Amino acid sequence: MPIPFVEPFRIKMVEPIRMTTREERLGILSRATLNLFKVKADDIFIDLLTDSGTNAMSDQQWSAMMQGDESYAGARSYYRLKDAIEDIMGFPLFIPTHQGRAAEGTLFSVMVKPGDVVPSNRHFDTTMGNLLELKARPVDLVVPEAADTSLDAPFKGNMDLKKLEEFIQQTGQENIPLGMLTITNNTAAGQPVSMENIRGTAEIYRKYGIPFFIDACRFAENAFFIQQREPGYAGKSIKEICREIFALVDGCTMSAKKDAIVNIGGFIGLRDPGLFEQLSGKLILHEGFITYGGLAGRDLEAIAQGLYEATDAEYLKYRILHTQYLGDVLEQAGMPIYRPTGGHAVYINAGAVLPHISPSRFPGVALANSFYIEGGVRTVEIGSLSFEHVDPVTNENVVPDLELVRLAIPRRVYTRSHLDYVGEIAGEVFAQRDRIRGLQVVEAPALLRHFLAKLAEV
Ligand SMILES: *Cc1c(COP(=O)(O)O)cnc(C)c1O
(Lines give C-alpha, C1' and ligand atoms only; values in the text may rest on other atoms or scores of the structure.)
Protein backbone atom coordinates (compact mmCIF):
# COMPACT_ATOMS: atom_id res chain seq x y z
CA MET A 1 0.00 0.00 0.00
CA PRO A 2 1.70 3.27 -1.05
CA ILE A 3 2.13 5.83 1.70
CA PRO A 4 0.38 9.13 1.01
CA PHE A 5 2.79 12.04 0.86
CA VAL A 6 2.96 15.23 -1.07
CA GLU A 7 5.83 17.34 -2.36
CA PRO A 8 6.15 20.46 -0.16
CA PHE A 9 7.06 22.61 -3.18
CA ARG A 10 5.72 23.46 -6.61
CA ILE A 11 7.69 23.50 -9.86
CA LYS A 12 8.70 26.85 -11.37
CA MET A 13 11.29 25.73 -13.92
CA VAL A 14 11.46 22.48 -15.87
CA GLU A 15 14.22 20.58 -17.61
CA PRO A 16 13.21 18.24 -20.47
CA ILE A 17 14.44 14.62 -20.37
CA ARG A 18 14.71 12.46 -23.44
CA MET A 19 13.63 8.87 -23.93
CA THR A 20 15.75 6.61 -26.14
CA THR A 21 14.85 3.26 -27.69
CA ARG A 22 16.04 -0.06 -26.31
CA GLU A 23 18.03 -0.55 -29.50
CA GLU A 24 19.80 2.80 -29.03
CA ARG A 25 20.56 2.02 -25.41
CA LEU A 26 22.19 -1.29 -26.27
CA GLY A 27 24.59 0.59 -28.56
CA ILE A 28 25.18 3.39 -26.05
CA LEU A 29 26.02 0.97 -23.24
CA SER A 30 28.28 -1.09 -25.45
CA ARG A 31 30.22 2.02 -26.52
CA ALA A 32 30.49 2.92 -22.79
CA THR A 33 32.21 -0.49 -22.25
CA LEU A 34 29.24 -1.57 -20.10
CA ASN A 35 30.02 1.11 -17.51
CA LEU A 36 27.12 3.48 -16.73
CA PHE A 37 29.52 6.15 -15.43
CA LYS A 38 30.62 6.61 -19.03
CA VAL A 39 27.15 7.15 -20.52
CA LYS A 40 26.22 10.74 -21.45
CA ALA A 41 23.56 12.18 -19.16
CA ASP A 42 21.53 13.15 -22.25
CA ASP A 43 21.16 9.44 -22.97
CA ILE A 44 19.61 8.76 -19.54
CA PHE A 45 15.86 9.07 -18.89
CA ILE A 46 15.71 8.81 -15.08
CA ASP A 47 19.07 9.32 -13.38
CA LEU A 48 19.35 7.63 -9.99
CA LEU A 49 23.13 7.27 -10.18
CA THR A 50 23.57 9.49 -7.16
CA ASP A 51 21.92 12.09 -4.94
CA SER A 52 25.23 13.96 -4.92
CA GLY A 53 25.12 17.41 -6.47
CA THR A 54 22.07 16.43 -8.53
CA ASN A 55 19.63 18.37 -6.35
CA ALA A 56 17.16 21.04 -7.41
CA MET A 57 17.88 24.32 -5.65
CA SER A 58 15.08 26.52 -4.36
CA ASP A 59 14.13 30.04 -5.43
CA GLN A 60 15.69 31.20 -2.14
CA GLN A 61 18.97 29.52 -2.99
CA TRP A 62 19.06 30.95 -6.51
CA SER A 63 18.37 34.42 -5.21
CA ALA A 64 21.05 34.01 -2.51
CA MET A 65 23.49 33.17 -5.33
CA MET A 66 22.86 36.58 -6.85
CA GLN A 67 24.19 38.04 -3.61
CA GLY A 68 27.43 36.05 -3.77
CA ASP A 69 30.43 38.11 -2.78
CA GLU A 70 33.27 37.09 -5.09
CA SER A 71 36.06 38.82 -3.17
CA TYR A 72 39.21 36.71 -3.04
CA ALA A 73 39.68 37.14 0.71
CA GLY A 74 37.17 37.70 3.47
CA ALA A 75 34.05 37.53 1.30
CA ARG A 76 30.72 38.27 2.99
CA SER A 77 29.45 34.93 1.64
CA TYR A 78 32.12 33.09 3.63
CA TYR A 79 30.87 34.70 6.83
CA ARG A 80 27.28 33.90 5.96
CA LEU A 81 28.18 30.21 5.60
CA LYS A 82 30.33 30.31 8.74
CA ASP A 83 27.31 31.59 10.69
CA ALA A 84 25.01 28.93 9.22
CA ILE A 85 27.43 26.10 10.10
CA GLU A 86 27.87 27.44 13.61
CA ASP A 87 24.11 27.89 14.03
CA ILE A 88 23.10 24.44 12.76
CA MET A 89 26.12 22.31 13.68
CA GLY A 90 27.77 24.33 16.42
CA PHE A 91 31.28 24.32 14.91
CA PRO A 92 33.14 27.59 15.56
CA LEU A 93 35.62 26.89 12.75
CA PHE A 94 35.21 25.63 9.22
CA ILE A 95 37.24 25.08 6.08
CA PRO A 96 35.41 25.27 2.72
CA THR A 97 36.37 22.72 0.04
CA HIS A 98 35.11 22.07 -3.46
CA GLN A 99 33.39 18.83 -2.37
CA GLY A 100 33.36 16.10 0.28
CA ARG A 101 36.36 14.14 -0.91
CA ALA A 102 38.51 17.27 -0.81
CA ALA A 103 37.44 17.76 2.81
CA GLU A 104 38.52 14.16 3.53
CA GLY A 105 41.75 14.44 1.54
CA THR A 106 42.72 17.72 3.22
CA LEU A 107 41.93 16.44 6.71
CA PHE A 108 43.74 13.13 6.19
CA SER A 109 46.79 14.77 4.59
CA VAL A 110 47.38 16.52 7.91
CA MET A 111 46.34 13.78 10.36
CA VAL A 112 47.12 10.41 8.72
CA LYS A 113 50.43 8.71 7.90
CA PRO A 114 51.29 5.38 6.20
CA GLY A 115 50.42 2.34 8.30
CA ASP A 116 47.79 4.22 10.31
CA VAL A 117 44.34 2.76 10.83
CA VAL A 118 41.06 4.68 10.67
CA PRO A 119 37.92 2.91 11.97
CA SER A 120 34.38 3.85 10.97
CA ASN A 121 30.99 2.18 10.93
CA ARG A 122 31.55 2.07 7.17
CA HIS A 123 33.79 4.19 5.00
CA PHE A 124 32.43 5.62 1.79
CA ASP A 125 34.39 4.84 -1.40
CA THR A 126 36.17 8.21 -1.52
CA THR A 127 37.02 8.04 2.21
CA MET A 128 38.43 4.58 1.64
CA GLY A 129 40.29 5.76 -1.48
CA ASN A 130 41.80 8.78 0.31
CA LEU A 131 43.09 6.53 3.11
CA LEU A 132 44.41 3.84 0.78
CA GLU A 133 46.29 6.47 -1.18
CA LEU A 134 48.06 7.47 2.03
CA LYS A 135 48.84 3.75 2.64
CA ALA A 136 46.56 3.84 5.65
CA ARG A 137 43.93 1.28 6.49
CA PRO A 138 40.17 1.94 6.44
CA VAL A 139 38.40 -0.46 8.80
CA ASP A 140 34.61 -0.96 8.88
CA LEU A 141 33.01 -1.94 12.18
CA VAL A 142 29.29 -1.66 11.46
CA VAL A 143 26.84 -3.72 13.54
CA PRO A 144 26.21 -7.24 12.13
CA GLU A 145 22.50 -6.38 11.55
CA ALA A 146 23.63 -4.19 8.63
CA ALA A 147 24.26 -7.34 6.58
CA ASP A 148 20.69 -8.58 7.16
CA THR A 149 18.68 -7.13 4.28
CA SER A 150 15.25 -7.87 5.75
CA LEU A 151 15.59 -7.37 9.51
CA ASP A 152 13.33 -4.51 10.57
CA ALA A 153 15.50 -2.52 12.96
CA PRO A 154 15.61 1.26 13.44
CA PHE A 155 19.38 1.93 13.35
CA LYS A 156 21.18 -0.63 11.20
CA GLY A 157 23.92 1.90 10.37
CA ASN A 158 25.29 1.84 13.94
CA MET A 159 28.89 1.25 14.94
CA ASP A 160 29.53 -2.07 16.70
CA LEU A 161 30.75 -0.52 19.96
CA LYS A 162 32.12 -3.74 21.45
CA LYS A 163 34.10 -4.46 18.29
CA LEU A 164 35.34 -0.86 18.17
CA GLU A 165 36.78 -0.99 21.68
CA GLU A 166 38.39 -4.42 21.13
CA PHE A 167 39.77 -3.18 17.84
CA ILE A 168 41.35 -0.09 19.43
CA GLN A 169 42.91 -2.24 22.16
CA GLN A 170 44.39 -4.67 19.62
CA THR A 171 45.60 -1.97 17.22
CA GLY A 172 46.88 0.47 19.84
CA GLN A 173 45.50 4.00 19.95
CA GLU A 174 48.87 5.39 18.83
CA ASN A 175 48.14 3.90 15.37
CA ILE A 176 44.70 5.52 15.13
CA PRO A 177 45.07 9.22 14.28
CA LEU A 178 41.31 9.76 14.10
CA GLY A 179 38.08 7.78 14.32
CA MET A 180 35.12 8.29 12.03
CA LEU A 181 31.39 7.54 11.82
CA THR A 182 29.25 7.99 8.70
CA ILE A 183 25.70 9.37 9.13
CA THR A 184 23.60 8.11 7.48
CA ASN A 185 25.64 5.05 6.60
CA ASN A 186 25.69 5.31 2.79
CA THR A 187 27.47 2.03 2.07
CA ALA A 188 25.27 0.23 4.62
CA ALA A 189 22.12 0.93 2.59
CA GLY A 190 21.76 4.51 3.87
CA GLN A 191 20.82 3.27 7.32
CA PRO A 192 20.80 5.79 10.16
CA VAL A 193 22.89 5.84 13.34
CA SER A 194 21.18 6.44 16.68
CA MET A 195 22.09 9.24 19.07
CA GLU A 196 22.86 6.60 21.68
CA ASN A 197 25.35 5.01 19.28
CA ILE A 198 26.95 8.33 18.32
CA ARG A 199 27.36 9.03 22.05
CA GLY A 200 28.79 5.56 22.68
CA THR A 201 31.24 5.94 19.79
CA ALA A 202 32.29 9.36 21.11
CA GLU A 203 32.88 7.95 24.60
CA ILE A 204 35.12 5.18 23.29
CA TYR A 205 37.16 7.47 21.06
CA ARG A 206 37.52 9.96 23.92
CA LYS A 207 38.58 7.25 26.37
CA TYR A 208 41.51 6.40 24.09
CA GLY A 209 42.33 9.99 23.17
CA ILE A 210 41.31 9.55 19.51
CA PRO A 211 39.88 12.62 17.70
CA PHE A 212 36.35 11.91 16.43
CA PHE A 213 35.19 13.16 13.03
CA ILE A 214 31.75 12.49 11.59
CA ASP A 215 31.23 12.01 7.87
CA ALA A 216 28.17 14.25 7.96
CA CYS A 217 26.94 14.17 4.34
CA ARG A 218 23.39 13.21 5.34
CA PHE A 219 23.27 14.53 8.89
CA ALA A 220 19.80 16.08 8.45
CA GLU A 221 18.23 12.84 7.18
CA ASN A 222 19.91 11.04 10.09
CA ALA A 223 18.53 13.61 12.54
CA PHE A 224 15.04 13.02 11.16
CA PHE A 225 15.34 9.26 11.74
CA ILE A 226 16.47 9.94 15.32
CA GLN A 227 13.45 12.18 15.85
CA GLN A 228 11.08 9.55 14.42
CA ARG A 229 12.60 6.37 15.85
CA GLU A 230 14.66 6.99 18.98
CA PRO A 231 12.96 7.09 22.39
CA GLY A 232 13.14 10.56 23.91
CA TYR A 233 13.55 12.50 20.66
CA ALA A 234 10.00 12.87 19.33
CA GLY A 235 9.65 16.24 21.06
CA LYS A 236 12.97 17.66 19.90
CA SER A 237 13.42 19.80 16.81
CA ILE A 238 15.69 18.72 13.96
CA LYS A 239 18.01 21.59 14.81
CA GLU A 240 18.23 20.57 18.47
CA ILE A 241 19.07 17.02 17.39
CA CYS A 242 21.75 18.26 14.96
CA ARG A 243 23.34 20.40 17.67
CA GLU A 244 23.32 17.41 20.04
CA ILE A 245 25.02 15.18 17.43
CA PHE A 246 27.81 17.61 16.62
CA ALA A 247 28.41 18.52 20.27
CA LEU A 248 29.72 14.95 20.63
CA VAL A 249 32.47 15.21 18.01
CA ASP A 250 35.68 17.09 17.30
CA GLY A 251 34.74 17.83 13.72
CA CYS A 252 33.10 16.67 10.54
CA THR A 253 33.74 16.22 6.85
CA MET A 254 30.81 17.27 4.73
CA SER A 255 29.76 16.96 1.13
CA ALA A 256 27.35 19.86 0.68
CA LYS A 257 26.22 18.08 -2.50
CA LYS A 258 24.03 15.91 -0.26
CA ASP A 259 22.27 17.50 2.72
CA ALA A 260 23.01 21.11 1.82
CA ILE A 261 20.93 20.62 -1.37
CA VAL A 262 23.44 22.25 -3.74
CA ASN A 263 25.28 21.18 -6.88
CA ILE A 264 28.85 21.63 -5.63
CA GLY A 265 30.65 22.22 -2.35
CA GLY A 266 31.88 20.75 0.89
CA PHE A 267 33.62 21.64 4.12
CA ILE A 268 35.40 20.52 7.25
CA GLY A 269 33.76 21.66 10.49
CA LEU A 270 36.03 21.73 13.55
CA ARG A 271 36.90 23.23 16.93
CA ASP A 272 40.69 22.91 17.32
CA PRO A 273 42.49 26.17 16.31
CA GLY A 274 45.83 24.31 15.95
CA LEU A 275 44.36 21.84 13.47
CA PHE A 276 42.57 24.71 11.71
CA GLU A 277 45.94 26.38 11.13
CA GLN A 278 47.52 23.22 9.71
CA LEU A 279 44.55 22.60 7.43
CA SER A 280 44.62 26.21 6.22
CA GLY A 281 48.14 25.73 4.88
CA LYS A 282 47.12 22.62 2.94
CA LEU A 283 43.96 24.26 1.68
CA ILE A 284 45.76 27.26 0.22
CA LEU A 285 48.09 24.95 -1.68
CA HIS A 286 45.43 22.63 -3.11
CA GLU A 287 41.94 24.14 -2.95
CA GLY A 288 42.26 27.92 -2.62
CA PHE A 289 42.33 30.64 0.02
CA ILE A 290 40.68 29.79 3.35
CA THR A 291 37.61 31.93 2.74
CA TYR A 292 36.54 30.20 -0.48
CA GLY A 293 38.32 26.81 -0.72
CA GLY A 294 37.76 26.08 -4.40
CA LEU A 295 34.23 27.52 -4.47
CA ALA A 296 32.73 30.74 -5.77
CA GLY A 297 31.15 33.15 -3.30
CA ARG A 298 27.75 32.32 -4.79
CA ASP A 299 28.29 28.63 -3.99
CA LEU A 300 28.91 29.49 -0.34
CA GLU A 301 25.62 31.42 -0.32
CA ALA A 302 23.68 28.47 -1.77
CA ILE A 303 25.16 26.09 0.82
CA ALA A 304 24.29 28.42 3.70
CA GLN A 305 20.66 28.66 2.56
CA GLY A 306 20.53 24.93 1.71
CA LEU A 307 21.59 23.88 5.20
CA TYR A 308 18.48 25.57 6.57
CA GLU A 309 16.17 24.04 3.95
CA ALA A 310 17.62 20.56 4.51
CA THR A 311 16.88 20.72 8.23
CA ASP A 312 13.23 21.71 7.69
CA ALA A 313 11.01 19.04 9.24
CA GLU A 314 8.32 19.15 6.51
CA TYR A 315 10.93 18.75 3.79
CA LEU A 316 12.56 15.82 5.62
CA LYS A 317 9.23 14.07 6.12
CA TYR A 318 8.54 14.29 2.38
CA ARG A 319 12.11 13.20 1.59
CA ILE A 320 11.97 10.04 3.70
CA LEU A 321 8.45 9.05 2.55
CA HIS A 322 9.40 9.65 -1.09
CA THR A 323 12.31 7.24 -0.67
CA GLN A 324 10.08 4.73 1.10
CA TYR A 325 7.61 4.96 -1.77
CA LEU A 326 10.31 3.97 -4.25
CA GLY A 327 11.04 0.97 -2.01
CA ASP A 328 7.37 -0.02 -2.13
CA VAL A 329 7.07 0.16 -5.93
CA LEU A 330 10.28 -1.87 -6.36
CA GLU A 331 9.02 -4.50 -3.97
CA GLN A 332 5.69 -4.68 -5.79
CA ALA A 333 7.73 -5.34 -8.94
CA GLY A 334 9.25 -8.39 -7.25
CA MET A 335 12.63 -6.89 -6.36
CA PRO A 336 14.12 -7.93 -3.01
CA ILE A 337 15.11 -4.63 -1.45
CA TYR A 338 17.05 -3.70 1.65
CA ARG A 339 14.58 -3.00 4.47
CA PRO A 340 13.92 -0.65 6.04
CA THR A 341 14.58 1.88 3.28
CA GLY A 342 17.18 4.53 4.14
CA GLY A 343 17.19 8.29 3.72
CA HIS A 344 18.51 8.99 0.27
CA ALA A 345 18.25 5.76 -1.65
CA VAL A 346 16.74 2.32 -2.04
CA TYR A 347 19.10 -0.63 -2.37
CA ILE A 348 18.20 -3.78 -4.29
CA ASN A 349 19.81 -7.01 -3.13
CA ALA A 350 21.34 -7.87 -6.51
CA GLY A 351 22.99 -11.00 -5.12
CA ALA A 352 19.50 -12.38 -4.36
CA VAL A 353 18.01 -11.32 -7.74
CA LEU A 354 20.86 -12.92 -9.68
CA PRO A 355 21.99 -15.96 -7.65
CA HIS A 356 23.47 -17.45 -10.84
CA ILE A 357 26.11 -14.67 -10.94
CA SER A 358 28.89 -14.93 -8.33
CA PRO A 359 30.17 -11.74 -6.58
CA SER A 360 33.37 -11.89 -8.66
CA ARG A 361 31.16 -11.51 -11.76
CA PHE A 362 29.51 -8.36 -10.40
CA PRO A 363 25.78 -9.12 -10.15
CA GLY A 364 25.17 -5.51 -9.05
CA VAL A 365 26.68 -4.07 -12.20
CA ALA A 366 24.81 -6.58 -14.37
CA LEU A 367 21.50 -5.65 -12.73
CA ALA A 368 22.18 -1.90 -12.98
CA ASN A 369 22.95 -2.30 -16.68
CA SER A 370 19.64 -4.11 -17.20
CA PHE A 371 17.73 -1.19 -15.67
CA TYR A 372 19.39 1.04 -18.23
CA ILE A 373 18.74 -1.22 -21.19
CA GLU A 374 15.08 -1.81 -20.31
CA GLY A 375 14.14 1.76 -19.41
CA GLY A 376 16.96 4.29 -19.57
CA VAL A 377 17.15 4.27 -15.77
CA ARG A 378 20.66 4.81 -14.38
CA THR A 379 21.54 3.31 -10.99
CA VAL A 380 24.84 2.27 -9.41
CA GLU A 381 26.45 -0.85 -8.03
CA ILE A 382 27.45 -0.87 -4.37
CA GLY A 383 29.27 -4.17 -4.24
CA SER A 384 32.45 -5.93 -5.32
CA LEU A 385 33.33 -3.69 -8.26
CA SER A 386 33.23 -0.58 -6.03
CA PHE A 387 34.50 -1.93 -2.73
CA GLU A 388 36.72 -4.98 -3.17
CA HIS A 389 40.27 -3.91 -2.26
CA VAL A 390 43.60 -5.09 -0.91
CA ASP A 391 44.32 -4.03 2.68
CA PRO A 392 47.63 -2.11 2.46
CA VAL A 393 48.78 -3.36 5.89
CA THR A 394 47.68 -7.01 5.95
CA ASN A 395 47.68 -7.53 2.15
CA GLU A 396 44.41 -9.41 2.49
CA ASN A 397 41.68 -9.10 -0.12
CA VAL A 398 38.64 -7.40 1.46
CA VAL A 399 35.22 -8.02 -0.13
CA PRO A 400 31.85 -6.45 0.77
CA ASP A 401 29.26 -8.70 2.40
CA LEU A 402 26.42 -7.69 0.06
CA GLU A 403 26.07 -7.10 -3.68
CA LEU A 404 23.66 -4.18 -3.96
CA VAL A 405 22.30 -1.84 -6.58
CA ARG A 406 21.62 1.64 -5.23
CA LEU A 407 18.81 3.82 -6.58
CA ALA A 408 19.73 7.22 -5.15
CA ILE A 409 17.13 9.95 -5.32
CA PRO A 410 18.21 13.50 -6.17
CA ARG A 411 16.57 15.98 -3.79
CA ARG A 412 13.37 17.69 -5.06
CA VAL A 413 13.97 16.54 -8.67
CA TYR A 414 11.68 13.60 -9.46
CA THR A 415 7.95 13.30 -8.80
CA ARG A 416 5.98 10.29 -7.70
CA SER A 417 5.13 9.34 -11.29
CA HIS A 418 8.83 9.19 -12.13
CA LEU A 419 9.16 6.67 -9.31
CA ASP A 420 6.17 4.71 -10.64
CA TYR A 421 7.95 4.51 -13.99
CA VAL A 422 11.06 3.11 -12.29
CA GLY A 423 8.81 0.51 -10.65
CA GLU A 424 7.47 -0.57 -14.06
CA ILE A 425 10.99 -0.96 -15.43
CA ALA A 426 11.95 -2.94 -12.33
CA GLY A 427 9.11 -5.35 -13.14
CA GLU A 428 10.45 -5.88 -16.67
CA VAL A 429 14.00 -6.42 -15.42
CA PHE A 430 12.80 -8.85 -12.77
CA ALA A 431 10.84 -10.90 -15.30
CA GLN A 432 14.00 -11.46 -17.38
CA ARG A 433 16.48 -11.90 -14.54
CA ASP A 434 17.45 -15.45 -15.57
CA ARG A 435 18.85 -14.12 -18.84
CA ILE A 436 21.13 -11.49 -17.26
CA ARG A 437 24.82 -12.42 -17.55
CA GLY A 438 27.83 -11.75 -15.32
CA LEU A 439 30.67 -9.39 -16.19
CA GLN A 440 34.43 -9.24 -16.04
CA VAL A 441 36.88 -6.34 -15.82
CA VAL A 442 38.85 -5.87 -19.02
CA GLU A 443 40.82 -2.85 -17.81
CA ALA A 444 40.62 -0.72 -14.65
CA PRO A 445 42.70 1.63 -12.47
CA ALA A 446 43.91 0.36 -9.09
CA LEU A 447 42.02 2.90 -6.96
CA LEU A 448 38.27 3.62 -7.28
CA ARG A 449 38.17 1.32 -10.30
CA HIS A 450 34.37 1.36 -10.72
CA PHE A 451 34.36 4.90 -12.14
CA LEU A 452 36.54 4.08 -15.14
CA ALA A 453 36.53 0.28 -15.49
CA LYS A 454 36.02 -1.26 -18.92
CA LEU A 455 33.79 -4.30 -18.64
CA ALA A 456 32.71 -7.19 -20.83
CA GLU A 457 30.12 -9.96 -20.51
CA VAL A 458 31.47 -13.39 -19.57
C1 LIG B 1 29.34 11.58 -1.35
C2 LIG B 1 30.00 11.14 -0.12
C3 LIG B 1 31.32 11.51 0.17
C4 LIG B 1 32.18 12.28 -0.80
O5 LIG B 1 31.66 13.51 -1.15
P6 LIG B 1 31.84 14.14 -2.62
O7 LIG B 1 31.19 15.47 -2.51
O8 LIG B 1 31.19 13.22 -3.59
O9 LIG B 1 33.31 14.25 -2.88
C10 LIG B 1 31.84 11.09 1.37
N11 LIG B 1 31.14 10.34 2.24
C12 LIG B 1 29.88 9.95 1.99
C13 LIG B 1 29.13 9.14 2.99
C14 LIG B 1 29.27 10.33 0.80
O15 LIG B 1 28.02 9.91 0.55
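Just so it is clear, the structure is predicted and the values come from calculations on it, not from any experiment. (Residues numbered from 1 in each chain as written. Predicted model: local features only at pLDDT ≥ 70, side-chain atom pairs only at ≥ 80, totals over all residues. Heavy atoms only, no water.)

Asks: For the state of the cysteines, give the residues involved together with the corresponding values.
Replies: In total, this model carries 0 disulfides according to the counting rule given. Cysteine Cys217 is unpaired, with the sulfur of Cys252 as its nearest cysteine sulfur at 9.0 Å. For Cys217, a relative accessible area of 10% corresponds to the buried category. The thiol of Cys242 is not disulfide-bonded; the next cysteine sulfur, from Cys252, is found 11 Å away. Here Cys242 falls in the buried class, since its relative accessible area comes to 0%. (Disulfide = S-S within 2.5 Å. Buried < 20%, exposed > 50% of the residue type's maximum accessible area, 1.4 Å probe, protein only.)

Asks: Any details on unusual backbone geometry? Residues and values, ideally.
Replies: Each neighbour pair has its own omega, and for Ile183 with Thr184 the value is -20 degrees, a cis peptide bond. Take Thr184: it is sitting in the loop between β5 (179–182) and α7 (195–207). With an omega of -10 degrees, the peptide bond between Arg339 and Pro340 qualifies as cis. Mapping Pro340 onto the fold places it in the loop between α12 (313–332) and β9 (345–349). Although it is not a glycine, Leu34 adopts a positive phi angle of roughly 60 degrees. Tracing the sequence through the fold places Leu34 in the loop between α1 (22–31) and β1 (46–47). Using a relative accessible area of 17% as the deciding quantity, one classes Leu34 as buried. (Helix = DSSP H or I, 4+ residues; strand = E, 2+ residues; numbered from the N terminus.)

Asks: Quick rundown of the domain arrangement of the protein? Include the residues and the values.
Replies: According to the domain assignment, the protein consists of domain 1 (22–51 + 313–457) and domain 2 (59–310). The C-alpha centroid of domain 2 is placed 25 Å from the C-alpha centroid of domain 1. The interface of domain 1 with domain 2 comprises 35 residues on the first partner and 43 residues on the second. Counting the contacts that link domain 1 with domain 2 gives 7 salt bridges. With a closest N to O distance of 2.6 Å, Asp391 and Arg137 form a salt bridge. (Domains from an automatic or database assignment. Contact = heavy atoms within 4.5 Å. Salt bridge = Lys/Arg side-chain N within 4 Å of Asp/Glu carboxyl O.)

Asks: Describe the pairing of β5, listing the residues and the values that go with them.
Replies: Neither face of β5 is left uncovered, since the one carrying Gly179 and Leu181 and the one carrying Met180 and Thr182 both have all their residues buried. Both β5 and strand β6 (residues 212–215) contribute to a ladder of 4 bridges, which runs parallel. Following the sheet pairing, Leu181 is matched in β6 by Ile214. Chirality of the crossover, the property in question, places the unit of β5, α7 and β6 among those that are right-handed. (Pairing = 2+ DSSP bridges. Right-handed = clockwise from strand over helix to strand, strands pointing away.)

Asks: I'd like to hear about the sheet that holds strand β14 (residues 404–408), residue by residue, with values.
Replies: An order of β9-β14-β11 is seen for the 3 strands of this open sheet, with the pairing classed as antiparallel. Every interior strand has two partners, whereas the edge strands, β9 and β11 (380–382), have only one. With strand direction ignored, the average angle separating the axes of adjacent strands in the sheet is 35 degrees. (Axes fitted to C-alpha atoms, helices over the stretch in contact; angles between N-to-C directions.)

Asks: Outline the site of the ligand, listing residues and values.
Replies: In the vicinity of the ligand lie 15 residues, with Gln99, Arg101, Asp215, Ser255 and Lys258 positioned nearest. Between the ligand and Lys258 there is a distance of 2.8 Å, counted from an oxygen atom to a side-chain nitrogen or oxygen. If the ligand stood free it would expose 370 Å²; the protein chains cover 98% of that surface. The greatest single-element share of the shell around the ligand, amounting to 3 residues, is contributed by helix α4 (residues 100–111). (Near = heavy atom within 4 Å. Polar contact = N/O pair within 3.5 Å; in protein donor to acceptor, adjacent residues only side chain to side chain. Areas by Shrake-Rupley, 256 points an atom, 1.4 Å probe, with all protein chains shown as cover.)

Asks: Break down the sheet that holds strand β2 (residues 93–97) for me, with residues and values.
Replies: Read from one edge of the open sheet, 5 strands run β2-β8-β7-β6-β5, paired in mixed fashion. The sheet is open, and its two borders are formed by β2 and β5, each paired with just one other strand. Each strand of the sheet is rotated relative to its neighbour by a mean of 20 degrees, with strand direction disregarded. Looking at chain direction, β2 and strand β8 (residues 266–270) are connected through 5 bridges and run antiparallel. Counterpart to Thr97 in the pairing with β8 is Gly266.

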